[in-house]
Amino acid sequence: MNPAVFEIGKFARLTVIWLSIIFGAVWAACWAVGVFAPALINASGMPTETASLASEVLRALVPVVAVAVFIPINAMFMVLCERRALALFTVRKGPNRVGPDGLLQTAADAVKLLFKEDITPHGADAVMFTAAPIIFFAPSIIGVLPLLAAASGNHELFRSVNLPTGIFYVLAIASIPVVGIVMGGWASNNKYSLVGALRSAAQAISYEIPLVLSIVAVCLMAGTLDVVKIADQQKDSLLSWNIFGGGALLPYVNLVVAGLQGNNEQVQAIMQHFQAQPLGPFAAVLMVVCCIIFFGIYITGACAEVNRIPFDLPEAESELVSGYNTEYSGIKFAIFFLAEFTNLFVVCSIASIMFLGGGHAPLPGLEQGFTEMLGGILKQLPGSKEIFSPGWLINSLVNPSTVSQAFWIILKTYSLVIFAILIRATLPRFRIDQLMAFGWKRLIPLSLILLIALTYLRELV
Amino acid sequence: MFGLVGRAVESLYYVCVGLWTVAKHTGRAPITKEFPDTMPDLPGAFRGRLALAVNPETSEHLCISCRQCERVCPDKCIDITAHKSPETGKLELIDFKIDHGLCMFCGLCTEVCPTTCIINTNDFEMSDYSREALIYDLKKLTLTQDESAHYFSKKYLPIPKPKPKPAPKPAAAAAKPADGVAAPAKPAPPAAKPAEGAAAAKSAPAATDKPAGDAAATKPTAEKKADDSKDSEKEKAAPEPSAAEGKAEPDKTEG
Ligand code: SF4
Ligand code: SF4
């Protein structure tokens with residue numbers, strides 16, 4: 001057999017194993033805190049008020065627990081995935097010694113990092129130096145919370161983090177990490193760190209504008225800032241995803257389908273609707289083009305936001321040693337590392353929720369069919385009413401609609417992560433002046449023009 | 001404006017081409033060699049540890065102690081001990097040391113060696129616990145016959161001709177006086193011809209036959225026969241051959 005197929009198979013196996021570990025752990029932790037512990041408290045003969053209060057507190061903690069469990073394991077997986085995928089793209093093998101087929105490589109790395117000496121350089125501002133990684137890392141924990149609600153299909157345990165201004169909140173939080181970078185760079189008492197940090201600040205400020213404008217465009221089409229609602233609006237099929245104009249093409253496709261089926265009444269009804277909007281088809285196509293370009297702008301801005309190649313100027317190894325984290329070692333460096341990969345995950349999940357339909361399947365009926373099938377299987381289980389019986393256990397553990405939504409969003413998000421790795425394997429690093437010129441002279445005018453165009457096109461469709 | 005759009009489209013196109021090229025590489029077999037598990041397949045010209053080859057056919061040591069490698073080495077890391085053999089008067093190798101800690105594997109020594117004795121092998125695993133252990137002596141440097149054959153074929157080196165046999169040498173040395181006599185004996189017949197007519201008529205055919213047949217072992221007996229007939233002529237002919245050789249040789253081969 002072709003050895004390349006073998007390697008791809010190994011990569012796929014690694015991904016599946018790690019993803020099951022990550023989401024199994026998250027799922028189990030959520031269930032233990034949000035379902036099992038409250039049930040236990042209710043079953044023990046506590047006074048009703050105390051018991052309900054305790055269960056409420058536990059339920060409210062679920063999103064935090066989920067994120068706290070998710071982030072470290074996910075960062076480990078992403079580092080390994082990045083190294084293996086890069087190896088695939090560059091015709092190498094990647095880490096394959098620790099554990100079966102290199103599966104435990106990053107776990108070993110993490111342990112090593114945690115046991116390393118934590119050095120504070122001479123002349124560094126110790127307080128700032130310690131605070132910087134925390135300020136860099138904290139936003140990625142706080143920022144993902146509203147996304148959890150969208151990703152879990154608004155599961156009742158995550159409803160508490162479903163903010164009405166979700167995406168606004170996420171974007172606001174996402175601009176904090178740059179403060180941590182500048183602090184770290186300044187406090188290190190090292191000119192490379194300082195230059196790296198300043199570059200990062202300049203870059204984050206310039207690229208945040210096109211990034212936010214592309215998100216604004218999506219919110220404009222959706223008419224809401226609530227991530228759950230934005231995700232739900234895209235649930236019909238591929239065509240209602242925001243990347244394809246948020247359903248702008250849907251009536252025309254419906255027309256073609258009705259025409260093919262020979263359903264004359266429906267054709268008539270749709271045609272009447274079109275008479276009111278003669279420019280409709282034209283506007284719809286333009287809108288789709290605008291949205292696709294916005295998606296490209298978002299991906300570009302996101303790469304710059306999380307300092308990934310080709311925008312990794314803050315840590316350009318050939319120029320700045322390692323940039324803002326040059327002086328960091330041990331656990332502080334590990335936190336920087338963790339935060340960087342979590343940020344990558346966060347921007348990818350924002351992209352999949354805002355542009356790629358969140359947790360909804362690309363084809364109509366796929367999601368519903370799966371949910372019904374799984375629900376049917378669960379109904380067969382015996383004793384689902386009695387507490388602590390196997391039936392109850394599985395029923396409270398598995399929620400069909402959440403399983404399906406989680407599956408799709410995981411697929412979309414990690415596909416985007418792999419796309420980011422592909423970009424990293426392909427493109428060389430920008431020069432700092434090119435970076436600034438590209439951001440201010442190209443991306444920002446382009447996104448402004450497209451935003452205005454989209455505002456009018458939306459009325460015409 | 002349109003120029004800008006055109007450029008944007010063009011650069012996007014090239015980015016996509018790049019992405020596609022990289023993505024296509026996923027379908028290739030990895031070129032990684034997992035070294036300790038699988039040995040890399042090195043080309044013959046790879047410049048690894050130095051070694052002294054033996055003749056792959058006769059297994060005699062190829063070094064002639066010419067010291068060219070010692071002289072050319074920029075690092076002066078070759079150290080040859082040799083002496084002139086009292087018996088043969090030829091150089092004889094006693095020890096040959098290469099300090100691989102100093103060597104920079106430039107391969108100059110292998111290029112100057114007239115007998116392709118010193119060669120770069122494909123071995124690169126020489127790590128050791130001390131610097132002294134990197135000084136390899138003659139015993140450690142000399143390859144076996146099989147290894148030599150392997151490297152000679154891998155480097156496309158011509159198989160060297162065997163040295164003139166040392167085995168007949170002692171015999172030749174013992175018969176030196178006779179040899180000295182035997183050599184001039186070849187040109188002797190032509191020299192003897194004018195001197196003696198009737199006596200030579202018997203021995204001359206035999207003497208002219210011998211060099212043509214050229215059987216070393218039978219030569220002395222042939223000379224013996226010639227000696228019997230004319231002893232005095234030989235004394236006269238002995239100092240001559242160097243001068244006579246040029247003219248005598250064609251005669252002899254024709255005969
Ligand atoms: S390879 Fe170069 S440095 Fe090494 S022994 Fe030969 S001539 Fe000297
Ligand atoms: S050049 Fe070759 S033959 Fe001469 S001494 Fe060196 S190894 Fe021996």
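Cut-offs applied
Residues numbered from 1 in each chain as written. Chains lettered and ligands numbered in written order. Predicted model: local features only at pLDDT ≥ 70, side-chain atom pairs only at ≥ 80, totals over all residues. Heavy atoms only, no water. Domains from an automatic or database assignment. Contact = heavy atoms within 4.5 Å. Buried area = accessible area lost by both parts, 1.4 Å probe. Salt bridge = Lys/Arg side-chain N within 4 Å of Asp/Glu carboxyl O. Polar contact = N/O pair within 3.5 Å; in protein donor to acceptor, adjacent residues only side chain to side chain. Helix = DSSP H or I, 4+ residues; strand = E, 2+ residues; numbered from the N terminus. Near = heavy atom within 4 Å. Nonpolar A, V, L, I, M, F, W, Y, C, P; charged D, E, K, R; others polar. 1 Å grid on protein atoms, 1.4 Å probe; cavity = no way out; pocket = protein on both sides within 12 Å on 5 of 7 lines; lining within 4 Å. Points joined across faces, edges and corners; volume = space filled by probe spheres on them.

**Student:** Got a sec to walk through the domain arrangement of chain A? Specific residues and values, please.
**Tutor:** Residues and elements named next belong to chain A. Considered domain by domain, chain A is made up of domain 1 (1-112) and domain 2 (116-460). Each of domain 1 and domain 2 has a C-alpha centre, and the two are 20 Å apart. Opposite the 33 residues of domain 1 that make contact, domain 2 presents 36 residues. Of all residues in domain 1, the largest losses of buried area upon contact with domain 2 belong to W27, M78 and E82, amounting jointly to 21% of the total for that side. Summed over the shared surface of domain 1 and domain 2, the number is two salt bridges. Among the salt bridges present, the one from R308 reaches E82, with a minimum N-O distance of 3.1 Å. Taken together, the connections running from domain 1 to domain 2 amount to four residue pairs in polar contact (both at pLDDT 80 or more). Those elements that provide at least two residues to the side of domain 1 that touches domain 2 are α1 (3-43) and α2 (48-89). No other element matches α2, which puts 19 residues into the side of domain 1 that touches domain 2.

**Student:** For the pattern of salt bridges, give the residues involved together with the corresponding values.
**Tutor:** Residues and elements named next belong to chain A. Using the criterion set out here, one finds 17 salt bridges over all chains in the structure. A salt bridge links E7 to K10; its shortest N-O distance comes to 3.6 Å. Of the two residues, E7 and K10 are both situated in helix α1; the distance of three residues between them amounts to about one turn of the helix. Through salt bridges with shared partners, a single ionic network connects E7, K10, R13, R84 and D101.

**Student:** Provide a residue-level description of the site of ligand 1, including the pertinent values.
**Tutor:** Lining the immediate environment of ligand 1, one finds 13 residues, of which C73, C103, C106, G107 and C109 of chain B sit closest. For the shell around ligand 1, the class distribution of residues is 11 nonpolar, one polar and one charged.

**Student:** Outline the site of ligand 2, supporting the account with residue identities and numerical values.
**Tutor:** C63, C66, R67, C69 and C113 of chain B are the nearest of the 13 residues found near ligand 2. In the shell around ligand 2, the residues fall into nine nonpolar, three polar and one charged.

**Student:** Any details on empty space enclosed by the protein? Residues and values, ideally.
**Tutor:** Residues and elements named next belong to chain A. Applying the stated rule across the entire model yields five cavities of 30 Å³ or more. Considered as a void within the structure, the largest cavity measures approximately 320 Å³ in volume. Residue assignment for the lining of the largest cavity shows that the elements contributing at least two residues are α4 (126-151), α5 (166-174), α6 (177-187), α7 (191-222), α11 (280-305) and α13 (330-354). Among the elements that take part in the lining of the largest cavity, α13 stands out by supplying five residues, more than any other. Taken together, the residues that form the lining of the largest cavity break down as 17 nonpolar, six polar and three charged. Size it by volume and the second largest cavity reaches roughly 100 Å³.

**Student:** Outline the interface of chain B and chain A, listing residues and values.
**Tutor:** On the side of chain A, 19 residues touch chain B, which itself brings 17 residues to the contact. With both chains or domains summed, chain B and chain A bury close to 1,500 Å², and 67% of this area falls on carbon and sulfur atoms. It is L19, T26 and P30 of chain B in chain B that bury the most area against chain A; as a group they hold 34% of the surface buried on that side. Here chain B and chain A share three salt bridges between them. Measuring nitrogen to oxygen at the nearest pair gives 3.4 Å for the salt bridge that ties D37 of chain B to R97 of chain A. The residue inventory of the side of chain B that touches chain A, partitioned by class, reads eight nonpolar, five polar and four charged.

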